[in-house]
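Summary of the model geometry
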Amino acid sequence: MVEAADIVVVGGGPAGAALALALADLGPVPLVIDPRDADIASAQSRPLALSHASRLILDRLGVWTDLDSATPIARIHVSQQGGFGRVALTAAEAGLPALGYVVDYGQLYAALAQALAGRLPQALDVARVNAVRPGRDAARVELVLGGAEHAIAAKLVVVADGGALRDLGRVRKTDYRQEAVVGTVTSELPHGNVAYERFTANGPLALLPFGDRSALVWSCSPERARELSDLPDGGFLAQLHRCFGDRLGAFTSVGARSVHPLALKFVEDVAPPRTVLIGNAAQTLHPVAGQGFNLGLRDAWELAGEIARTSPEDPGSATMLSNYRARRRLDRLGGIGVTDLLVRLFSNDIAALRAARGAGLALLGCVAPARDFVVRRMIFGARG
Ligand SMILES: Cc1cc2nc3c(=O)[nH]c(=O)nc-3n(C[C@H](O)[C@H](O)[C@H](O)COP(=O)(O)OP(=O)(O)OC[C@H]3O[C@@H](n4cnc5c(N)ncnc54)[C@H](O)[C@@H]3O)c2cc1C
């Protein structure tokens, strides 16, 4: 039997759950389908840097106050290893309480899942979606529930599965040959709410303020990542000190380390009827500059707004979908383009490029309107 629904959201991760909560306040009640046990997903601990704009959205969704691990970023310090030129971006200069915040992915997942269970208890289904088949009048969602196959015909299917389903358009992929070693460390000197982004020839290294610790996202070649994650704590901390430099003194302890493959993946501008992709399903970015979820959250927020504005009674109408795609185009391409450019431009040891990068950073450090431009785009996206 084929059931019918107005909106089905495939994936209840941060992007899918945020969309469902945004829709809850606007009218159409979505059905959110995810195979993951929220308790297990919530145990997945890794840092996420959220922009000030993302904080405002999470506030509107009623989950911000649940994120008690959120640590404000007062300053972002950008430098390159083995080269001159550095720049500091500050919340004070931008006239904001903080440039952004560092939260825990697991805690964010749990807060969104709890809010969803409280506000839309009928909206959640624990099941794995096997396929989404776009169609003119309805898109068909095929899933397995309790061992049996089911199908739902929906006016709109929002794919927010982090990129698991792969038959909804041509996927462009760039393999940077980088993986990220992620963990938390303590240091001799306090972080002072400064987020560091240090570009090295092997990839960017980010140290983010996270409570009284610093959260590390260290991108490097897969071989080096394996080597680093296998090192005993003392050896790992010494390598980190060598790569990062003296700004935090010596590193004194490290928590559990995990390794994450990194690539750029995005679905080309296709327009399947009654179907839309958001979050990592639409674009999976390199974590340099911490843009991925910030972009995905804006996808969710703007899609909810577009549905409410254009056609709440027929949420998957062609007009709504084309308005939404046009609205998100610049921000999406901006996020993809800037992160890709940063990885390519900075992850090498070419002397001429090192000098050009140094000059660029030094110039940015001297020109306040240029810093303001960068900060606004970082916080609000390409349309900021
Ligand atoms: C090392 C690292 C550091 C990062 N740092 C930052 C940062 O500082 N700032 C930032 O903004 N972003 C960062 N990101 C990116 C950020 O983690 C992602 O953009 C974000 O998690 C995407 O959320 P999502 O909901 O789209 O996907 P996901 O978090 O992947 O959630 C997808 C959901 O879909 C469900 N699902 C999967 N398959 C199916 C199926 N077949 N049927 C139904 N449901 C399914 C899953 O169970 C899951 O719940 C980082 C990423 C990495 C790897």
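**Concerning the pattern of salt bridges**
Per the stated rule, a full pass over the model turns up 20 salt bridges. With a shortest N-O distance of 2.6 Å, Arg371 and Glu93 are connected by a salt bridge. In this pair, Arg371 is assigned in helix α11 (residues 368-380) and Glu93 in helix α4 (residues 91-94), connecting sequence segments 278 residues apart. Among the salt bridges present, the one from Asp233 reaches Arg257, with a minimum N-O distance of 2.7 Å. One end of the pair, Asp233, is in helix α7 (residues 233-244); the other, Arg257, is in the loop between β16 (251-254) and β17 (258-267), with 24 residues separating them in the sequence. Given the relative accessible area of 40%, Asp233 is considered partly exposed.

**Re the environment of Gly27**
Within the element layout of this structure, Gly27 appears in the loop between α1 (14-24) and β2 (31-33). Taking the C-alpha atoms as reference points, Gly27 and Gly146, separated by 119 residues in sequence, lie 29 Å from one another.

**Things to note about the packing of aromatic side chains**
Applying the stated criterion to the full structure yields six aromatic pairs. Pairing Trp64 with Tyr101 gives two aromatic rings, centres 5.0 Å apart and planes at 70°, and the pair type is edge-to-face. Note that Trp64 is positioned in the loop between α3 (52-60) and β4 (71-73) and Tyr101 in strand β7 (residues 100-104), a separation of 37 residues in sequence. Classification of Trp64 by relative accessible area gives buried; the value is 8%. Seen from the ring of Tyr105, Arg46 lies directly overhead, with NZ or CZ sitting 4.4 Å from the centre. The side chain of Arg257 reaches across the aromatic face of Phe236, ending 4.4 Å from its centre.

**Thoughts on helix α10 (residues 351-366)**
An ideal rise of 1.5 Å per residue puts 22 Å on 16 residues; α10 measures up with 23 Å between its terminal C-alpha atoms. When we look at burial in α10, the residues that qualify are Arg357, Gly358, Leu361 and Leu364. End-on view of α10: buried residues confined to an arc of 130°, all on one side of the axis. The exposed set on the far side of α10, more than 90 degrees from its buried face, consists of Ala351, Ala352, Leu363 and Cys366. Its buried side turned inward, α10 meets β5 (75-80), β6 (86-90), α9 (318-346) and α11.

**Side note on the pairing of β7**
Burial of β7 is extensive: five of the five residues sit out of reach of the surface. Alternating positions in β7 separate into two faces, Gly100, Val102 and Asp104 on one and Tyr101 and Val103 on the other, with burial throughout. One ladder, built from five bridges, connects strand β3 (residues 47-51) with β7; its direction is antiparallel. Residue pairing in the sheet places Leu48 in a bridge with Val103 of β7. Of the strand pairs in this sheet, β4 and β7 are connected by three bridges, and their pairing is antiparallel. By the bridge assignment for β7, Thr71 is matched with Val102.

About the criteria used
- Residues numbered from 1 in each chain as written.
- Predicted model: local features only at pLDDT ≥ 70, side-chain atom pairs only at ≥ 80, totals over all residues.
- Heavy atoms only, no water.
- Salt bridge = Lys/Arg side-chain N within 4 Å of Asp/Glu carboxyl O.
- Helix = DSSP H or I, 4+ residues; strand = E, 2+ residues; numbered from the N terminus.
- Buried < 20%, exposed > 50% of the residue type's maximum accessible area, 1.4 Å probe, protein only.
- Phe/Tyr/Trp six-rings, centres within 6.5 Å; stacked < 30°, edge-to-face > 60°.
- Lys NZ or Arg CZ within 6 Å of the ring centre and 35° of its normal.
- Expected span 1.5 Å × (residues − 1).
- Arc of directions from axis to C-beta.
- Contact = heavy atoms within 4.5 Å.
- Pairing = 2+ DSSP bridges.

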